[in-house]
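# Residue-level structure breakdown
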Amino acid sequence: MKQSLNDTLVLCDLDTLMVGPDGNLTQVVRDVLNLFLSRGGRMTVFSQRTPQAVRTMLGSVRLSAPALVCGGSLVYSFSAGCGKALAGFDVLGEDFLHKLPAAPGMGIALQMRDGSTRVLRMSQALERHLRREWTPYLLGQPEGINSADVLRVLLYKDAKNVPVLQVFEKALAESAAPLLTEYLTADCLALMPKNVSAEKALEEVCAAAEVTPEQVAVVAGSQAMLGLMHLAGESAAAYDAPAEVRVAAKRVMLCACSEGAAAEYLYRFVREAENGSM
């Protein structure tokens, strides 16, 4: 029996699978995405970026459910223009922001509960990321910032031989601070509260979309979505995704992350639905 496309919500890795070197959706992804949506497909995205940056990248594309942005710490509805934060830094106290490393060539950015980005210290690496990722920001100081309003702290280093990040990461581990640390790129370390969970994030998306986790298909190219893959009813990975992601996926695609893996999945989804083979 033929199954409708709208029976499944696709949650796709925006940063890794959909965006080209210029920071925009690639043309092939945009074309196939428009086809998928025009046939009744339902789609949302996961991104390390803020809501404003994601909206700029998506352009006129309308998502079918809230997006998981800021690394999954914020569930954001573009139709409503607001989001729900899954955690904050209040557990670490108000003085935590004053203890962040300060060194030449070190940039510090905060992703906030309201979806904005606050820059406490600019660096070349941070400026490069903000420009490439279409991220608006405000310059500020730790004074006056409520730690409960901070979703993630992003630390950027300009030079590979600056050991500040490694020293700070080691100090965090030794202090047993309730934080998760993750290198988003070679020059960027993200700090996020440990109580941010894939289960809660997926639960919020499913509730808003009126689907169950079994009706969600996670399409991933990075380890950041690994927890979501284990919870979803369907999962797929680009063939050059990290090994853990490929092992967790129920389907491994023929295309690489940057060579149309998202388009491959969506187009196959349309064809299978039309042929009744889903």
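In this report, the structure presented in the accompanying data block is examined. (Residues numbered from 1 in each chain as written. Predicted model: local features only at pLDDT ≥ 70, side-chain atom pairs only at ≥ 80, totals over all residues. Heavy atoms only, no water.)

Oppositely charged side chains are able to pair whenever their charged atoms sit close together. The final tally for this structure, using the stated rule, is 10 salt bridges. The partner of R49 in a salt bridge is D15, and the shortest N-O contact between them spans 2.6 Å. Of this pair, R49 sits in the loop between β2 (42-46) and α3 (51-58) while D15 sits in helix α1 (residues 14-17), placing them 34 residues apart in sequence. Classification of R49 by relative accessible area gives buried; the value is 10%. In this structure, D149 engages R113 in a salt bridge whose closest nitrogen and oxygen atoms are separated by 3.8 Å. Taken together, the residues D149 in the loop between β8 (138-139) and β9 (150-157) and R113 in the loop between β6 (106-112) and β7 (117-121) connect sequence positions 36 residues apart. One connected set of salt bridges, linked through shared partners, spans K84, K200, E203 and E204. (Salt bridge = Lys/Arg side-chain N within 4 Å of Asp/Glu carboxyl O. Helix = DSSP H or I, 4+ residues; strand = E, 2+ residues; numbered from the N terminus. Buried < 20%, exposed > 50% of the residue type's maximum accessible area, 1.4 Å probe, protein only.)

In this section: α3. Those residues of α3 not exposed but buried are P51, A53, V54, M57 and L58. One face of α3 carries all of its buried residues, which in axial projection span an arc of 160°. A positive phi of about 65° marks G59, the residue just after α3. (Arc of directions from axis to C-beta.)

Attention now goes to the pairing of strand β12 (residues 216-220). Among the 5 residues that make up β12, 5 are buried, leaving the element largely enclosed by the rest of the structure. As paired elements, strand β1 (residues 9-13) and β12 share 4 bridges and run parallel to each other. Along β12, the bridge assignment pairs C12 with V219. With 4 bridges joining them, β12 and strand β13 (residues 234-237) adopt parallel strand pairing. Following the sheet pairing, V219 is matched in β13 by A236. Handedness of the β-α-β unit built from β12, helix α7 (residues 226-231) and β13 comes out right-handed. (Pairing = 2+ DSSP bridges. Right-handed = clockwise from strand over helix to strand, strands pointing away.)

Time to look at the pairing of strand β10 (residues 179-185). Relative to strand β11 (residues 188-193), β10 is paired through 6 bridges, and the arrangement is antiparallel. Within the sheet, the bridge partner assigned to Y183 lies in β11 and is L189. Where β10 hands over to β11, the hairpin turn is made up of 2 residues, counted between the paired strands.

In space, the 6 strands of this open sheet follow the order β8-β7-β6-β9-β11-β10, with mixed pairing throughout. Looking at strand neighbours, the two that pair on one side only are β8 and β10, the edges of this open sheet. Bridge count between β9 and β11: 4 bridges; the pairing is antiparallel. Bridging from a neighbouring strand, Y156 pairs with C188 of β11.

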